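Observations on the three-dimensional arrangement
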Amino acid sequence: MTRGIRAFAVFAAALSATALQAEPVAENWQVRGLEAPAEIIVDRWGLAHIYAGSARDAYFLQGYNVARDRLWQIDLWRKRGLGLLSESFGEAYVKQDRAARLFLYRGDMAGEWRRYAPGARGNYEAFAAGINAYVDEALAGRKPMPAEFALTGSKPAHWRAEDVVRIRSHALALNARSEVQRARLICKGGVEADRFNQRLYPGHTPRVPEGLDPCSIDADVMDEYALATGPVGFEGLARRVEASSAAPADDAMEGSNNWVIAGSRTTTGRPILANDPHRALTVPGLRYVVHMEAPGLSLIGAGEPGVPGISFGHNGKGAFGLTIFSADQEDVYVYETQPGRPDTYRYRGRWEKMRVVRETIPVKGGKPVTVELPFTRHGPVIHRSAERNRAYAVRSVWSEPGTSAYAAASWLAGASGWDDFRTAADHWGTPPLNLIWADPGGAIGWAAAGLTPVRRNWDGLLPVPGDGRYEWDGMLAPRRLPSVRDPAGGWIATANEMNLPAGYPADVPIGFEFADPSRSHRLVQLFSGKDRFSVADAAAMQMDTRDLSALRLVALLSDMQGWDADSALALRLLREWDGDARADSAAAAIAATWLASHLGRTLVAHVVRPEAQPLVQRASADAALHALETNDPLLGPDAAATTRRVLKESLTATLEDLRHRLGPHMESWTWGAVHKLELKPAVGLLLRPDELEAVTVGPQPVGGSGTTVALASPGKDLAAVHGPSVRIVMDVGDWDRSVFMNMPGQSADPSSPHYRDFLPGWLEGRFAPLTYTRPAVEKAAGRVISLTPAR
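To start, this report covers the structure provided alongside it.

Reading guide: rules and limits
Residues numbered from 1 in each chain as written. Predicted model: local features only at pLDDT ≥ 70, side-chain atom pairs only at ≥ 80, totals over all residues. Heavy atoms only, no water. Helix = DSSP H or I, 4+ residues; strand = E, 2+ residues; numbered from the N terminus. Rg over C-alpha atoms; globule rule 2.2 N^0.38 Å. Buried < 20%, exposed > 50% of the residue type's maximum accessible area, 1.4 Å probe, protein only. Contact = heavy atoms within 4.5 Å. Salt bridge = Lys/Arg side-chain N within 4 Å of Asp/Glu carboxyl O. Pairing = 2+ DSSP bridges. Axes fitted to C-alpha atoms, helices over the stretch in contact; angles between N-to-C directions. Phe/Tyr/Trp six-rings, centres within 6.5 Å; stacked < 30°, edge-to-face > 60°. Expected span 1.5 Å × (residues − 1). Bend = angle between axes of the 7 residues up to and from the residue. Polar contact = N/O pair within 3.5 Å; in protein donor to acceptor, adjacent residues only side chain to side chain. Core = buried A, V, L, I, M, F, W, Y, C linked by side-chain atoms within 4.5 Å. Disulfide = S-S within 2.5 Å. Parallel < 35°, antiparallel > 145°, perpendicular 65-115°, else oblique. Nonpolar A, V, L, I, M, F, W, Y, C, P; charged D, E, K, R; others polar.

A few words now on the overall build of the chain. Per the secondary structure count, the chain includes 22 helices and 31 strands. For a compact globule of 791 residues, the expected C-alpha radius of gyration is about 28 Å, and the chain comes in at 26 Å, within 12% of that figure. Counting only C-alpha atoms, the chain reaches 80 × 65 × 60 Å along its principal axes. Among the 791 residues that make up the chain, the fraction classed as buried is 63%. In the chain, the share of contacts with a sequence separation of at least 24, taken over all contacts with a separation of at least 6, comes to 73%.

And the structure:
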């Protein structure tokens, strides 16, 4: 085993020795490409504070510094996005490379850069140059090379600015996968079956577009899309394809919370802005927190590590945050192709040839592979069926200029007031967001943002024929999306719920796939329970595990009687429970397992045609609860009797499940015993068991659920798989009183004290200071790196 591999297996301490030392470690580095002396102060929590002589050097050092902490992660991010995995890992990745290349931006680059803030291109170029400077040092042996490169026999590559923005497939977007899933479900079970798959907001019945046969959608239509947008695995491509296509769409599981509180509702008289975006929980984490200072530039907050700047945080003049706003930005098109000519499709009564791009994929250890990438006028072709004479393509806003994920945050970097904030929202591309704002002058506000296609004659919930009848009529004007400034109540919160205001124009559908509103309703309760809030109060709200969805379930049990000792005890525990999904709660174990694994599945078994049941992949608890609460007509002529049967059968299944997992003694059960967090690096499959154990984060019991403010969505085995990637609470105007945590740590190096040092705080609600002013940063310094240009 090489020295690099051994280094990767070093167990990182939970508490940094740096955090305890009296004096920071001082270092002096020379960096080629830096234009003037600069400084990086790494504080006791692994947050790098960059001080540079120019904005160009600040962005250069942002790239250099993120490579210092996350080189393997960002290198893999770039190679996956550009379709260059095979060059490093071999022929098993050719299919994934080809799929990724289908979704690269291929339009005019000048138009692309114009969509971002003035100077953005230079910032991206500086950022890429900084990464390249560190790559050169690592390749030369002057800086540590992450051990993953030795494990995989690969090397980091150089970056170009345009590479970063051409990558689209890292962005979240709705709703291509759910369109296909819905069509296949309707084919087997009718339109009504979709009611139990996912609840739509506002209430809506999907309309099958004229000319679409839902049964014409093959089971493997989305395999290419899943490859293009999925993670990189190291267990073999064939197995990954199967796992990706069988899993529920990730866009159904993502979520976030944010809120902003006016000074009239805070203990200090200053606004507070809080944000905790939720994504898949991974090691290293999805996001990276950084602080950048230079003449004319001040930024601190979190962003994607492979993208310059930040996407949420503050700039000393205002704070901004984000959550996903469920605008529908994708459509799947189904084409009739000419028999014997699969590259020709019918459009408006004529045959039209696909545009075919030929590219060569370099392959490690083999010959380069030439691939053909077909495109219709709507977008990349993701599947073809010679048997059906059909082709399938995805139209996405990704093909529009200015839709590189989070790149429009460049407009927020210099925002100093509401008007600047609205300008940033007007330029937003992807992902579609609820943007919030607060400034020291007291203004607070919210704006929905993101490119939103105008569909005049369909609802966007199913694939459509590609024959010319279903075309986007441009994009919705940004100012037609809703916004609010300085609401009378003194606060604004978003949690991915359907938040279109009452009376909002409905002439153009924006989307229907909003999240279960339980988190939003809980935030309303919390804001209604106090007159004034502190930063500590806002941080405590982010840790709230009261599950209103579970309490909806409990409310359905009012007339239910136990039929044996176990069911009677379970019903008593639930009726005495306050709904707090704590990790140590037996009632939470019952309710959360019931909702996550059994309620929806049992209801589907009663009301959905047998042949369609396997296609109800989500079996949404929200949809199931709504059906039972409202005596949905599909429950049959005696809805109450059906409800009783469903509740009894699903509770029986739940208790049997938990007895198998936790043993026979119900009162000793805990939710955290089954709902655990355990994070393993993607390359863990290449390690020995003892090495993998050393770099694994957890397992740790976790409270919360998929519908609590402190979100911890359970996966198929009930493990916690989605949750807050970062938590941040900002005291707007007294910035040093702001706090944050980054899960599980700032560094991707297991030998670093900052690999997992935020895990205890993430679990228990302990935050670190988000120090901003120079005196506060120096007081918290753990490491001071003085940088000078190398000659």
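The next thing to look at is the pattern of salt bridges. Applying the stated criterion to the full structure yields 50 salt bridges. The salt bridge involving D218 is made with R388; its shortest N-O contact spans 2.6 Å. Of the two residues, D218 is situated in the loop between α9 (176–189) and α10 (223–229) and R388 in the loop between β15 (381–385) and β16 (390–396); the sequence distance between them amounts to 170 residues. Given the relative accessible area of 13%, D218 is considered buried. Exposure remark for R388: the relative accessible area of 35% places this residue in the partly exposed category. In this structure, the salt-bridge partner of R774 is E778, at a minimum N-O distance of 2.8 Å.

It is worth spelling out the sheet that holds strand β1 (residues 25–31) at this point. Read from one edge to the other, the open sheet built from 11 strands follows the order β1-β31-β2-β3-β6-β7-β8-β9-β17-β18-β22, with strand pairing classed as mixed. Edge positions in the sheet fall to β1 and β22 (483–485), since each has one partner strand and no second. When the angles between neighbouring strand axes are averaged without regard to direction, this sheet yields 15°. Pairing geometry for strand β6 (residues 288–294) and strand β7 (residues 297–303), over 7 bridges, is antiparallel. From the neighbouring strand, H291 faces β7, where its bridge partner is I300. Across the sheet, helix α12 (residues 418–426) touches β17 (433–438), β18 (444–449) and β22, and the angle it forms with β18 is around 15°.

Turning our eyes to something else, we now look at the packing of aromatic side chains. The description of an aromatic ring pair uses the distance of the two centres, along with the angle that the planes make with each other. The final tally for this structure, using the stated rule, is 25 aromatic pairs. Relative to W398, the ring of Y225 has its centre 6.4 Å away and its plane inclined at 5°; by these criteria the two rings are stacked. Pair noted here: Y225 is in helix α10 and W398 is in the loop between β16 and α12, with a separation of 173 residues, a long-range link. Classification of W398 as buried rests on a relative accessible area of 3%. On the numbers, 5.8 Å between centres and 70° between planes, the contact of F325 with F514 is edge-to-face. Note that F325 is positioned in the loop between β9 (319–324) and β10 (330–338) and F514 in the loop between β23 (491–494) and α13 (518–528), a separation of 189 residues in sequence.

This brings us to the pairing of strand β31 (residues 781–789). Bridge count between β1 and β31: 7 bridges; the pairing is parallel. Paired with W29 across the two strands is L787, which belongs to β31. Inspection of the sheet shows strand β2 (residues 38–43) paired to β31 by 6 bridges, in the antiparallel sense. Among the inter-strand pairings, I41 is bridged to a residue of β31, identified as V784.

The end-to-end C-alpha separation of helix α2 (residues 55–82) is 27 Å, well short of the 40 Å expected for 28 residues at 1.5 Å each. Helix geometry: α2 is bent most strongly at R70, by close to 105°. With 26 of its 28 residues buried, α2 lies for the most part within the structure. Just beyond α2, the residue with positive phi is G83, at close to 75°.

Glancing now at helix α18 (residues 621–629). By the criterion of burial, α18 is predominantly enclosed, with 7 of the 9 residues buried. Inspection of α18 places A621, D622, A623, A624, L625, A627 and L628 among the buried residues, and these make up the whole buried set. Buried residues in α18 make contact with α15 (548–555), α17 (586–607) and α19 (639–662). For α18, the capping residue at the N-terminal end is S620, with a side-chain oxygen 3.2 Å from the backbone nitrogen of D622. One or two positions beyond α18, positive phi appears at N631, with a value near 50°.

L61, W428 and L787 are the most contacted members of the largest nonpolar core, which has 167 residues in total. If you tally residues by element for this core, the top one is α2, at 13 residues. With 51 residues, the next largest nonpolar core counts A550, L625, L651 and L658 among its residues.

Here the focus is the state of the cysteines. Applying the stated criterion across every chain, the model contains 1 disulfide. Here C187 pairs with C215 through a disulfide, and the sulfurs are 2.0 Å apart. Handedness here is read from the sign of the S-S torsion; for C187 and C215, about 105°, the answer is right-handed. Of this pair, C187 sits in helix α9 while C215 sits in the loop between α9 and α10; the two residues are 28 residues apart in sequence, bridging distant segments of the chain. Residue C187 is classed as partly exposed on the basis of its relative accessible area, which comes to 24%.

Before going further, it helps to spend a moment on the packing of α15 against α17. At their nearest, the axes of α15 and α17 sit 9 Å apart, and the two run at 85° to each other. Considering the angle they form, α15 stands roughly perpendicular to α17. Contacts between α15 and α17 involve S549, A550 and L553 from the former and A591, W594, L595 and L599 from the latter. Looking at the contact of α15 with α17, its residues break down into 6 nonpolar, 1 polar and no charged.

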